[in-house]
Amino acid sequence: MSTKLVPTPGQTVGPFYGYALPFEKDNELLAPGSPGSIRLQGTVYDGAGHTIPDAILEIWQPDAEGKVVQRTGSLVRDGYTFTGWGRGAVGNSGVFTFTTVNPGPTKPGAAAFISVALFARGLTNRLFTRIYLPEDTEALANDPLLSSLDQERRRTLIARRDPDGGLTWDIRLQGEGETVFLDFQ
């Protein structure tokens, strides 16, 4: 008799972040106050508009010239090297913050963006999305992902520029203003 094995169903991720994933200076892609550094901040909201206090975000991005870091050691925070990768937990208020740089476009005319993965209670898998810089409207209009979305959905992927030069970008998991999430399958 042949037995067919079925895969184990997915389980929710966490909440174990407080002790399993963070490491020292995990949200600093370069040291605060370094030349060209900016603050990237935002809040994670659930479908009812309440903040989520136990999520973790990972970001990947090119440097200010659009070059993707391709050397080992992204977990090592030496205080001056841009790593291109960071992980940050939200606080009890649902707010996350990173110290990073404005990413440059990876090719001429392309829209610059930061890739994001989100882990949170109740999710069986991480969610993927992007953060676009707001300034280059021509590149944003020509971006294949953004141009495939209607205006309201497109807006969920574009950060706001703060008066101090930083970026603010919020995530809404469901409901009105739900962030666009990507499926890479």
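Structure: see above.
One structure accompanies this document, and this report is about it. Sequence positions are assigned chain by chain, starting from 1 and proceeding in written order. Residue-level local features of this predicted model are given only where pLDDT is at least 70; pairs of side-chain atoms are given and counted only at 80 or more, and the full residue set underlies all totals for whole chains, interfaces and linings. Derived side-chain values reflect all non-hydrogen atoms in the structure, with water molecules and hydrogen atoms excluded from consideration.

1. Considerations on the layout of surface pockets
And step 1. Of the two site types, the cavity is a set of points on a 1 Å grid over the protein atoms alone where a 1.4 Å probe fits but cannot get out, and the pocket is an open set with protein on both sides within 12 Å along at least five of seven lines, each lined by residues with an atom within 4 Å of a point. Grid points are joined across faces, edges and corners, and a volume is the space filled by probe spheres set on the points. The volume enclosed by the largest pocket comes to roughly 330 Å³.
And step 2. Residue lining of the largest pocket: 14 residues in total, with Glu152, Arg155, Thr156, Arg172 and Gly177 positioned closest to the centre.
And step 3. Helix numbering and strand numbering both begin at the N terminus, where a helix is a DSSP run of H or I of at least 4 residues and a strand a DSSP run of E of at least 2. A total of three residues in the lining of the largest pocket trace back to one element, the largest contributor, which is helix H4 (residues 151-155).
And step 4. If you add up the space inside the second largest pocket, you get close to 220 Å³.

2. Thoughts on the sheet that holds strand S3 (residues 85-89)
And step 1. Pairing between two strands is assigned when DSSP locates at least 2 bridges connecting them. Reading across from one edge, S3-S2-S5-S6 is the order of the four strands in this open sheet, with antiparallel pairing throughout. Among the strands making up the open sheet, the edge pair consists of S3 and strand S6 (127-132). With direction set aside, neighbouring strand axes in the sheet form an average angle of 25°. Lines are fitted to the C-alpha atoms to define the axes, a helix being fitted only along its stretch in contact, and any angle between axes, read from their N-to-C directions, falls within 0 to 180 degrees.

3. Side note on the nonpolar core
And step 1. Formed by 27 residues in total, the largest nonpolar core has its most connected members in Leu40, Val44, Leu57 and Phe96.
And step 2. Only strand S1 (37-45), strand S2 (56-60), strand S4 (95-101) and strand S5 (113-119) provide two or more residues apiece to this core.
And step 3. Not counting residues within four places of it along the chain, the set of residues in contact with Leu40 comprises Ile59, Phe96, Thr97, Phe98, Thr100, Ile114, Ile131 and Leu167. Note on terminology: a nonpolar core comprises buried Ala, Val, Leu, Ile, Met, Phe, Trp, Tyr and Cys residues joined through side-chain atoms within 4.5 Å. The rule is simple: take the accessible area with a 1.4 Å probe, protein chains only, and divide by the maximum for that residue type; under 20% is buried, over 50% is exposed, in between is partly exposed. Throughout, a contact is declared for two residues whenever any of their heavy atoms are within 4.5 Å.

4. Comments concerning empty space enclosed by the protein
And step 1. In this structure the tally under the stated criterion is one cavity of 30 Å³ or more.
And step 2. Empty space within the largest cavity amounts to approximately 60 Å³.
And step 3. Taken together, Lys25, Glu28, Leu29, Leu30, Ala31, Val76, Arg77, Asp78, Gly79, Tyr80, Thr81 and Thr83 make up the full set of residues lining the largest cavity.

5. Describing the environment of Arg39
And step 1. Topologically, Arg39 is positioned in strand S1.
And step 2. Through-space distance from the C-alpha of Arg39 to that of Thr97 is 6.7 Å; in sequence the pair is 58 residues apart.
And step 3. Two N or O atoms count as a polar contact when they lie within 3.5 Å, although within protein this holds only if one can serve as hydrogen donor and the other as acceptor, and sequence-adjacent residues are included solely when both atoms are side-chain atoms. Of the polar contacts made by the side chain of Arg39, one reaches the side chain of Asp164; its length is 2.7 Å.

6. Overview of the pattern of salt bridges
And step 1. Salt bridges are defined as contacts in which a side-chain nitrogen from Lys or Arg sits within 4 Å of a carboxyl oxygen from Asp or Glu. Within the structure shown, the criterion is met by six salt bridges.
And step 2. Close ionic contact of Arg39 with Asp162 constitutes a salt bridge, the shortest N to O distance being 3.2 Å. With Arg39 in strand S1 and Asp162 in the loop between strand S7 (160-161) and strand S8 (167-168), this pair connects stretches of sequence that are 123 residues apart.
And step 3. We note a salt bridge from Arg155 to Glu152, for which the minimum N-O separation is 2.9 Å. Highlighted residues: Arg155 and Glu152, both in helix H4, separated by three residues, approximately one helical turn.
And step 4. Under the relative-accessibility criterion, Arg155 is labelled partly exposed at 47%.
And step 5. Residue class for Glu152 comes out exposed when judged on its relative accessible area of 55%.

7. What to know about the pairing of S1
And step 1. When S1 meets S4, the two strands line up antiparallel, connected through seven bridges. Residue pairing for S4: Gln41 is matched across the bridge by Thr97.
And step 2. As defined by bridge partners, S1 adjoins S8 across two bridges and the pair is classed as parallel. Following the sheet pairing, Gln41 is matched in S8 by Thr168.
And step 3. Here S1 pairs with strand S9 (residues 171-172) via two bridges, running parallel. Across the sheet, Tyr45 pairs through a bridge with Arg172, a residue of S9.

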